[in-house]
Amino acid sequence: LYKEDRRYFNIKLEFDEMINRFFSSSIHGKIRTEFVSVQEKDVFIVQVEKSDRPIFLKGQEEKEFWIRGEASTRRLIEVADIIDHCFHTWLKKD
């Protein structure tokens, strides 16, 4: 794949704009992207590093908090659930 290819640049630019629209700028250091060739097809790979603190999604009405399970993602709405998750994820003692 040629990094100088303009369409790859445009896809990465659009991806950056989506990240800026839905997240704070602090998330940029946690995201890595690349194009790879798989069976003669170009695939855009996104890798996201686990955060060491909560990151909220900018929703249409309010900020939203989502968590990742093994095979699913779900939104936590209740403040008590968000606090409990944060304590158990980032404040647990080893």
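Quantities reported herein were computed from a predicted structural model and do not represent experimental measurements.

Chemist: Mind showing me how you'd approach the confidence of the model for the protein here?
Modeler: Interpreting fine coordinate detail is not advised for predicted regions of low pLDDT. With 94% of its residues at a pLDDT of 70 or more, the protein has an overall mean of 88. Highest mean pLDDT in the protein belongs to strand 5 (residues 73–76) (94); lowest belongs to helix 1 (residues 6–22) (90).

Chemist: Even after reading the chapter, I still don't get the packing of aromatic side chains, so can you show me in this structure?
Modeler: What characterises a pair of aromatic rings is the spacing of the ring centres plus the angle enclosed by the ring planes. Per the stated rule, a full pass over the model turns up four aromatic pairs. Each ring, one from Phe35 and one from Phe44, has its centre 4.8 Å from the other, and the planes form 40°; the classification is tilted. The class of Phe35 is buried, set by a relative accessible area of 16%. For the pair Phe56 and Phe65, a centre-to-centre distance of 5.1 Å together with 50° between the ring planes defines the contact as tilted. Given the relative accessible area of 35%, Phe56 is considered partly exposed. Cluster of aromatic residues (ring-pair linked, three or more members): Tyr8, Phe15, Phe35 and Phe44.

Chemist: Where do I start with the pattern of salt bridges in this structure?
Modeler: Where charged atoms from two side chains of opposite charge come close, those side chains can pair. In total, this model carries four salt bridges according to the counting rule given. Here Arg7 makes a salt bridge to Asp42, at a shortest N to O gap of 3.8 Å. You can see Arg7 sitting in helix 1 and its partner Asp42 sitting in strand 2 (residues 41–48), a full 35 residues away along the chain. Note on Asp42: relative accessible area 38%, which makes it partly exposed. Linking Lys30 and Glu49 is a salt bridge whose minimum nitrogen-to-oxygen distance equals 3.5 Å. Of this pair, Lys30 sits in the loop between helix 1 and strand 1 (31–38) while Glu49 sits in the loop between strand 2 and strand 3 (57–58), placing them 19 residues apart in sequence. The class for Lys30 is buried, based on a relative accessible area of 17%.

Rules and cut-offs
- Residues numbered from 1 in each chain as written.
- Predicted model: local features only at pLDDT ≥ 70, side-chain atom pairs only at ≥ 80, totals over all residues.
- Heavy atoms only, no water.
- pLDDT = per-residue confidence, 0-100.
- Helix = DSSP H or I, 4+ residues; strand = E, 2+ residues; numbered from the N terminus.
- Phe/Tyr/Trp six-rings, centres within 6.5 Å; stacked < 30°, edge-to-face > 60°.
- Buried < 20%, exposed > 50% of the residue type's maximum accessible area, 1.4 Å probe, protein only.
- Salt bridge = Lys/Arg side-chain N within 4 Å of Asp/Glu carboxyl O.

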